[in-house]
Amino acid sequence: MKEYKVVFLNKGLKFSREKDIAETEETINEYASQGWTLQQVVSPNDLGGALIGIFYKEN
């Protein structure tokens, strides 16, 4: 059975795409080191700049 987790990959707006990408990479790597696998990245709204990651882990 798979366990799923939905995570904000970049919290807050940095007004810099490079900083948003760096924070996103850090968050993905943090969850990957805990055994989670990234399934999908979703951008619900281009205006907000938020990215959401869908992670799963096999149980």
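J.: Please explain the overall build of the chain as it appears in this structure.
T.: Helices and strands together make up the secondary structure of the chain, namely one helix and three strands. Ordering the α and β elements of the chain from the N terminus gives β-α-β-β. By the burial criterion, 29% of the 59 residues in the chain qualify as buried. Considering only residue pairs separated by 6 or more positions, the chain has 52% of its internal contacts joining residues 24 or more positions apart. Approximately 4300 Å² of the chain is accessible, and the part contributed by carbon and sulfur atoms is 54%.

J.: How should I be thinking about the nonpolar core in this particular structure?
T.: In summary, soluble globular proteins display a tendency toward joint burial of nonpolar side chains. Core analysis: the biggest nonpolar cluster contains six residues, these being Val7, Leu9, Tyr31, Trp36, Leu51 and Phe55. Apart from the residues lying within four places of it in its own chain, the contact partners of Val7 are Thr27, Tyr31, Leu51, Ile52, Gly53 and Phe55.

J.: I keep staring at the environment of Phe8 and nothing clicks. Help me out?
T.: When you line up the elements, Phe8 lands in strand β1 (residues 2-8). Phe8 gets classed as partly exposed once you look at its relative accessible area, which sits at 48%. In the structure, Phe8 is positioned 34 residues away from Val42 in sequence and 9.6 Å away in space, judged by C-alpha atoms. Aside from chain neighbours lying at most four places away, what touches Phe8 is Thr27, Ala50, Leu51 and Ile52.

J.: Sorry, what's going on with the packing of aromatic side chains here?
T.: Between two aromatic rings, the relevant description is the distance of the centres plus the angle of the planes. Here the structure, examined in full by the defined rule, presents two aromatic pairs. Relative to Tyr56, the ring of Tyr4 lies with its centre 6.3 Å away and its plane at 45 degrees, an arrangement referred to as tilted. On the criterion of sequence distance, the pair formed by Tyr4 in strand β1 and Tyr56 in strand β3 (residues 52-58) is long-range, its members being 52 residues apart. It is Lys2 that lies over the ring of Tyr56; its NZ or CZ is 4.4 Å from the centre.

J.: Looking at this model, I keep getting lost on the sheet that holds strand β2 (residues 37-42). Mind explaining?
T.: In a beta sheet, neighbouring strands pair by backbone hydrogen bonds and run either parallel or antiparallel. Read across the sheet, three strands follow the order β1-β3-β2 without closing on themselves; strand pairing throughout is antiparallel. Two strands lie at the open edges of the sheet, namely β1 and β2, each paired on one side alone. Ignoring strand direction, the axes of neighbouring strands in this sheet form an average angle of 20 degrees. Against the sheet, helix α1 (residues 17-33) touches β1, β2 and β3, its axis set at about 155 degrees to β1.

Quick notes on the rules
Residues numbered from 1 in each chain as written. Predicted model: local features only at pLDDT ≥ 70, side-chain atom pairs only at ≥ 80, totals over all residues. Heavy atoms only, no water. Helix = DSSP H or I, 4+ residues; strand = E, 2+ residues; numbered from the N terminus. Buried < 20%, exposed > 50% of the residue type's maximum accessible area, 1.4 Å probe, protein only. Contact = heavy atoms within 4.5 Å. Areas by Shrake-Rupley, 256 points an atom, 1.4 Å probe, with all protein chains shown as cover. Core = buried A, V, L, I, M, F, W, Y, C linked by side-chain atoms within 4.5 Å. Phe/Tyr/Trp six-rings, centres within 6.5 Å; stacked < 30°, edge-to-face > 60°. Lys NZ or Arg CZ within 6 Å of the ring centre and 35° of its normal. Pairing = 2+ DSSP bridges. Axes fitted to C-alpha atoms, helices over the stretch in contact; angles between N-to-C directions.

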